[in-house]
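Spelled out from the first residue to the last, the chains are:
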Amino acid sequence: MSVATTISPRQAAPADWPLVSDLLPVAVLGAGPVGLAAVARLMERGLPFVVLEAGPQVGANVLDYGHVRLFSPWQYNVDPAMAKLLQATGWQAPAASELPLAGEVVTRVLQPFAALPQVSSALHLNTRVVSVSREGFDKVKSAGRDKAPFVIRAVRDGKPVELLARAVIDATGTWQTPNPLGASGLFAEGEREAAGQIVYGIPDVLGAHRARYEGKRTLVVGAGHSAANALLSLAELARQSPGSRLVWAVRSPVLTRVFGGGDADALPARGQLGASLKALRDTGGLEFVSGLRITELRREGGTLSVLGLDAQRRVVRLDGIDEIVCATGQRPDLALTSELRLKLDPWLESTEALGPLIDPNVHSCGTVRPHGHRELAHPEPGWYTLGVKSYGRAPTFLMATGFEQARSVVAALAGDLAAADRVELDLPETGVCGLSPSPDDAGASGNCCGTAPAVEVQALAPPKASGCGPKSCGVQPESVPAAAVKAASCCG
């Protein structure tokens, strides 16, 4: 069940305005893969919904890196509920083992799903949510709070709009709020002034943005998969256009995560991505700067000078930089929920219960133990954060995790707690676990952390941290109650 196709500027509510009611829709914020997966589950349950998307089309954020080939095959990138609804229209599912371009996820799955009449009638594009609160309640007031509907304020085509919802699923992601170059989490001095020569994310180096980088000296900052994709594309450009040069700077001297588990990775393309990057560094295909903490950017004529400190706090200076690719990750935008009672992990800004499971300071397995609506809930009843935003600043999210989150949360909203608590998550292992560096700061860590086969648990509780190391990668493979689940490893 969807709702009316229009959202009108808010009018004064009558004094006897109803409390939270099943007649009000569930508002889904964000029409990316996880947001639309939640929509599919709401449709299965017959719950009314409305979808608010800031971009001009569904999957707008994904299309920003649409040229990137994903390392996970189609089997992990199509939500089962969406596929079922699409198959009724004659839609043909992609081959499960093929690796899609990110843009193909949008064109082959999200766009056909959004075209379904029941979805399109409830989908509002170019509608950016700016704040959410409770009707008649600020953050402080408690009595009767859980009975009040959510009030959502947004801007649509430049005009303010407002609507009420019985519950809210925040799947807005983090792509639009990238981390800065500054190593302290703040913009480096001069970074904003140099914005015209900085791209945050993954530019299409060999396609639409080729002219920007051809014949230039480009600095890539970051040690994740986004940085790896950008570097490998720039290396190919340098082979095709010898005047193109690349510099790679990372903050940490330990590169275990970005180089990955190689042959031990259950996703071969992910393992190959890291192996290719390691080979590029080892063969001198780029200038490599380890342990650089950027503090300042200076404009010197038409180029930039990048200044910072190394691990010993010695000054490092990189001159003659034409372009910078900042691939240092993203962070959640918390401004729209400032009047809501959320419980976040203090440093990851993830949902609090997920923090111990995904903290990169503790482990880097790339997978977490099964989790669902209980871990994703907040002290604000009816508010759930799904998708990559639920992970806050942690970098280990996989799309399939979001699909399972959506299934569990919608089941809870429908009152089916048995289904909501029966969380099933089967993700491929990375072959990397822990923070122990190899002798060359790059190879496999020796901590080959396996993913448990589809684990079913009830009423999951946060794990107890017990350290991480070469012998600390145990995961319970059998179905057990939450009370019996105790973290014996970095994996949880």
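One can find the structure itself at the top, above this paragraph.
Structure report, in brief. (Residues numbered from 1 in each chain as written. Predicted model: local features only at pLDDT ≥ 70, side-chain atom pairs only at ≥ 80, totals over all residues. Heavy atoms only, no water.)

A look at the packing of aromatic side chains
Consideration 1: Going through the model one piece at a time under the given rule, you end up with 4 aromatic pairs.
Consideration 2: Ring centres of phenylalanine 150 and tryptophan 383 lie 6.1 Å apart, and the angle between their planes is 50 degrees; this geometry places the pair in the tilted category. Of the two residues, phenylalanine 150 is situated in strand E5 (residues 150-156) and tryptophan 383 in strand E16 (residues 383-385); the sequence distance between them amounts to 233 residues.
Consideration 3: A residue is classified by how much of its surface remains accessible, and phenylalanine 150, at 0% relative accessible area, is buried.
Consideration 4: Ring geometry for tryptophan 248 against phenylalanine 288: centres 5.1 Å apart, planes inclined by 55 degrees, an arrangement best described as tilted. One end of the pair, tryptophan 248, is in strand E10 (residues 245-249); the other, phenylalanine 288, is in strand E11 (residues 287-289), with 40 residues separating them in the sequence.
Consideration 5: Given a relative accessible area of 0%, tryptophan 248 falls into the buried group. (Phe/Tyr/Trp six-rings, centres within 6.5 Å; stacked < 30°, edge-to-face > 60°. Helix = DSSP H or I, 4+ residues; strand = E, 2+ residues; numbered from the N terminus. Buried < 20%, exposed > 50% of the residue type's maximum accessible area, 1.4 Å probe, protein only.)

A look at the sheet that holds strand E12 (residues 293-300)
Consideration 1: The 3 strands lie next to each other as E12-E13-E14, forming an open sheet whose pairing is antiparallel. Single-partner strands in this sheet number two, and they are E12 and strand E14 (315-321). Across the sheet, the mean angle separating the axes of adjacent strands is 20 degrees when strand polarity is ignored.
Consideration 2: Note that E12 and strand E13 (residues 303-309) share 7 bridges and pair antiparallel. Counted as the bridge partner of arginine 298 is serine 305 from E13. (Pairing = 2+ DSSP bridges. Axes fitted to C-alpha atoms, helices over the stretch in contact; angles between N-to-C directions.)

So, the packing of helix H3 (residues 80-87) against helix H4 (residues 102-114)
Consideration 1: Between H3 and H4, the least distance of the axes is 10 Å, while the angle of their chain directions is 65 degrees. As for how H3 packs across H4, the hand of that crossing is left-handed. Residues Met82, Leu85 and Leu86 of H3 touch H4, and the partners they reach there are Val109, Leu110, Pro112 and Phe113.
Consideration 2: Partitioning the contact of H3 with H4 into residue classes produces 7 nonpolar, no polar and no charged. (Left-handed = near helix turned anticlockwise from the far one by under 90°. Contact = heavy atoms within 4.5 Å. Nonpolar A, V, L, I, M, F, W, Y, C, P; charged D, E, K, R; others polar.)

Describing the nonpolar core
Consideration 1: Val39 and Phe113 are the most contacted members of the largest nonpolar core, which has 57 residues in total.
Consideration 2: Dropping the residues within four chain positions of it, phenylalanine 113 is found in contact with Leu36, Val39, Ala40, Met43, Met82, Leu85, Leu86 and Val119.
Consideration 3: With 23 residues, the next largest nonpolar core counts Val220, Leu234, Leu246 and Val250 among its residues. (Core = buried A, V, L, I, M, F, W, Y, C linked by side-chain atoms within 4.5 Å.)

Describing the sheet that holds strand E9 (residues 217-221)
Strand pairing within a sheet occurs via backbone hydrogen bonds; the two strands may be parallel or antiparallel.
Consideration 1: Spatially, the 5 strands line up as an open sheet ordered E8-E15-E9-E10-E11, and their pairing is parallel. Each edge of the open sheet carries a strand with a single partner, namely strand E8 (198-200) and E11. The mean angle between the axes of side-by-side strands here comes to 20 degrees, regardless of whether they run parallel or antiparallel.
Consideration 2: Pairing geometry for E10 and E11, over 3 bridges, is parallel. Its bridge partner lying in E11, valine 247 is registered against glutamate 287.
Consideration 3: Strands E9, E10 and strand E15 (323-326) of the sheet are contacted by helix H7 (residues 225-240), whose axis makes an angle of about 160 degrees with E10.

Notes on helix H1 (residues 33-45)
Consideration 1: With 13 residues, H1 extends 19 Å between its outermost C-alpha atoms, agreeing within 8% with the 18 Å of an ideal straight helix rising 1.5 Å per residue.
Consideration 2: By the criterion of burial, H1 is predominantly enclosed, with 11 of the 13 residues buried.
Consideration 3: Within H1 the residues assigned to the buried category are Pro33, Val34, Gly35, Leu36, Ala37, Ala38, Val39, Ala40, Arg41, Leu42 and Met43.
Consideration 4: Looking one or two residues past H1, glycine 46 carries a phi angle of roughly 70 degrees, positive in sign. (Expected span 1.5 Å × (residues − 1).)

Here we look at helix H12 (residues 399-413)
Consideration 1: The end-to-end C-alpha distance of H12, which contains 15 residues, comes to 21 Å, matching closely the 21 Å that a straight helix rising 1.5 Å per residue would cover.
Consideration 2: Of the residues one or two after H12, glycine 415 is the one with positive phi, at around 85 degrees.

Brief notes about the pattern of salt bridges
Consideration 1: Under the criterion given, the structure shown has 20 salt bridges.
Consideration 2: Ionic pairing is found between arginine 134 and glutamate 380, a salt bridge with its closest N-O pair at 2.9 Å. Here glutamate 380 lies in the loop between helix H11 (373-376) and E16 and arginine 134 lies in strand E4 (residues 127-134), a separation of 246 residues in the sequence. Here the two residues arginine 134 and glutamate 380 agree in accessibility, since each one is buried.
Consideration 3: A salt bridge links arginine 239 to glutamate 236; the nearest nitrogen and oxygen atoms lie 3.1 Å apart. (Salt bridge = Lys/Arg side-chain N within 4 Å of Asp/Glu carboxyl O.)

Quick notes on the pairing of strand E2 (residues 49-52)
Consideration 1: Residues Phe49 and Val51 line one face of E2 and the alternating positions Val50 and Leu52 line the opposite face, and both faces are buried.
Consideration 2: Pairing of strand E1 (residues 26-29) with E2 involves 4 bridges; the strand directions are parallel. Residue alanine 27 lies in a different strand from E2, and its bridge partner there is valine 50.
Consideration 3: Relative to strand E3 (residues 123-124), E2 runs parallel, the two sharing 2 bridges.

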